[in-house]
Amino acid sequence: MIAQPYQLYVERQDWARNMARYYMLSIEPTLFGEVCLTRRWGRIGARGQAKYQSFEREEDAVQLFLGLLRSKRKRGYRAISKEAAKRPSTPASCAPGDATGKLPPNNDTRMPPAE
């Protein structure tokens, strides 16, 4: 049984290098009484990749969780709030449209192709 939930979401963004990455970690119980450390990573907005590791003891999973957290922080990943995660991640200067990240309406008045 897991004493407390472990979940983490961190991002690393560098617009000069066109980098927008995320890394998620969570520890959850399995149906077989073990503990599973789940890692997900990839480009922000994409599904990315996943890796699952099972442990018999929660302490082993927590040690790996904390080690991965330390290494990601050294590489520049930072935790973000839930409110920031819901906002568009591209700055207005990089995205077409207004500052909300929404595209302008399509005002295409061309005729459809004739059949």
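This text gives an overview of the structure that appears in the document. Note that the coordinates shown come from a computational prediction; the quantities given were computed from them, not determined experimentally.

### Points about unusual backbone geometry
Of note, Asn 18 is a non-glycine position whose phi angle comes to about 55°, a positive value. Turning to its location among the elements, Asn 18 is positioned in the loop between β1 (6-14) and β2 (19-29).

### Side note on the sheet that holds strand β3 (residues 35-43)
Two strands in a sheet stick together by hydrogen bonds in their backbones, pointing the same way (parallel) or opposite ways (antiparallel). Spatially, five strands are ordered β4-β3-β2-β1-β5 in an open sheet, and the strand pairing comes out antiparallel. Whereas interior strands pair on both sides, the edge strands pair on one side only; in this sheet they are β4 (49-55) and β5 (78-79). Lying on the sheet, helix α1 (residues 58-74) is in contact with β1, β2, β3, β4 and β5; it crosses β2 at an angle near 170°.

### Notes on the environment of Glu 28
For Glu 28, the position within the fold is in strand β2. For Glu 28, a relative accessible area of 37% gives the class partly exposed. Residues Glu 28 and Ala 61, 33 residues apart in the sequence, show an inter-C-alpha distance of 9.7 Å. When sequence neighbours within four positions are dropped, the list of residues in contact with Glu 28 reads Ile 2, Gln 7, Glu 34, Val 35 and Cys 36.

### Regarding α1
In a regular helix each residue adds 1.5 Å, so 17 residues correspond to 24 Å; α1 covers 25 Å between its end C-alpha atoms and thus fits that length. Within α1 the residues assigned to the buried category are Glu 58, Ala 61, Val 62, Phe 65, Leu 68, Leu 69 and Lys 72. The buried residues of α1 occupy one face: seen down the axis, they fall within an arc of 130°. Exposed side chains of α1 directed beyond 90 degrees from the buried face belong to Gln 63, Arg 70 and Lys 74. Contact partners of the buried residues in α1: β1, β2, β3 and β4.

Cut-offs and rules
Residues numbered from 1 in each chain as written. Predicted model: local features only at pLDDT ≥ 70, side-chain atom pairs only at ≥ 80, totals over all residues. Heavy atoms only, no water. Helix = DSSP H or I, 4+ residues; strand = E, 2+ residues; numbered from the N terminus. Pairing = 2+ DSSP bridges. Contact = heavy atoms within 4.5 Å. Axes fitted to C-alpha atoms, helices over the stretch in contact; angles between N-to-C directions. Buried < 20%, exposed > 50% of the residue type's maximum accessible area, 1.4 Å probe, protein only. Expected span 1.5 Å × (residues − 1). Arc of directions from axis to C-beta.

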